[in-house]
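Close look at the chain arrangement
One letter stands for each residue in the lines below.
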Amino acid sequence: MKIEKVNIDDKLSLFSDHWNPRIVGELNGQHVKLVKFKGEFVWHKHDNEDEMFYVVNGEFKMEFRDRTVLLKPNEFLIIPKGTEHRPVADEEVSVMLFEPNTTINTGNTPGNLTQDKLETI
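Residues numbered from 1 in each chain as written. Predicted model: local features only at pLDDT ≥ 70, side-chain atom pairs only at ≥ 80, totals over all residues. Heavy atoms only, no water.

**Notes on the overall build of the protein chain**
Along its length, the protein chain carries one helix and seven strands. Here the protein chain holds 121 residues, and 40% of them are scored as buried. Looking at the protein chain as shown, the accessible area adds up to about 7100 Å², and 47% of this sits on carbon and sulfur atoms. (Helix = DSSP H or I, 4+ residues; strand = E, 2+ residues; numbered from the N terminus. Buried < 20%, exposed > 50% of the residue type's maximum accessible area, 1.4 Å probe, protein only. Areas by Shrake-Rupley, 256 points an atom, 1.4 Å probe, with all protein chains shown as cover.)

**Comments concerning the nonpolar core**
Counting 17 residues, the largest nonpolar core has Phe37, Phe53, Phe60, Met62 and Val95 as the members making the most contacts within it. Where this core is concerned, the elements lending two or more residues are strand 2 (30-40), strand 3 (51-57), strand 4 (60-63), strand 5 (68-71), strand 6 (76-79) and strand 7 (86-100). No other element matches the four residues that strand 7 contributes to this core. Beyond its immediate sequence surroundings of up to four residues, Phe60 is in contact with Phe37, Phe53, Val55, Val69, Leu70, Leu71, Pro87, Val88, Ala89, Val93 and Val95. Ranked by size, the runner-up nonpolar core spans eight residues in total, among them Leu12, Phe15, Val24 and Ile121. (Core = buried A, V, L, I, M, F, W, Y, C linked by side-chain atoms within 4.5 Å. Contact = heavy atoms within 4.5 Å.)

**So, the packing of aromatic side chains**
Enumeration over the complete set of coordinates arrives at five aromatic pairs. Here the aromatic rings of Trp19 and Phe37 are separated by 4.5 Å at their centres, their planes lie at 15°, and the arrangement is stacked. Remark: Phe37 occurs in strand 2 and Trp19 occurs in the loop between helix 1 (8-12) and strand 1 (22-27); sequence separation between them is 18 residues. Each member of the pair, Trp19 together with Phe37, is buried. Seen in terms of ring centroids, Trp19 and Phe41 are 4.7 Å apart; in terms of plane orientation they differ by 25°. Their pairing is stacked. Of this pair, Trp19 sits in the loop between helix 1 and strand 1 while Phe41 sits in the loop between strand 2 and strand 3, and the two are 22 residues apart along the sequence. When its relative accessible area of 7% is taken as the criterion, Trp19 is described as buried. Under the relative-accessibility criterion, Phe41 is labelled buried at 6%. (Phe/Tyr/Trp six-rings, centres within 6.5 Å; stacked < 30°, edge-to-face > 60°.)

Given below as structure tokens:
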């Protein structure tokens, strides 16, 4: 295995679509992913996986059924498994995700935003 640094801005420049995570690293059964959000995602939860959302550029709201958390650059939020949530971004935001390699982006709510075969960039 070749050890190489990853430049986040370079990786983000390789795609422009929304809600389609790309794998940029792997460690200990976890994927490090980059994704761009814009608009509303689907309400969903992950029964077996925690997720971490780290904001690289922009900002977005993580909605829960009882509250909303605003995330800005250099802030992160960990969503415990089993917690229903929905990301919402009024403007485009770039996010780094840390989650187990078994995690499907739409969790228990499969649909047209489900990405189950992720590209590694």
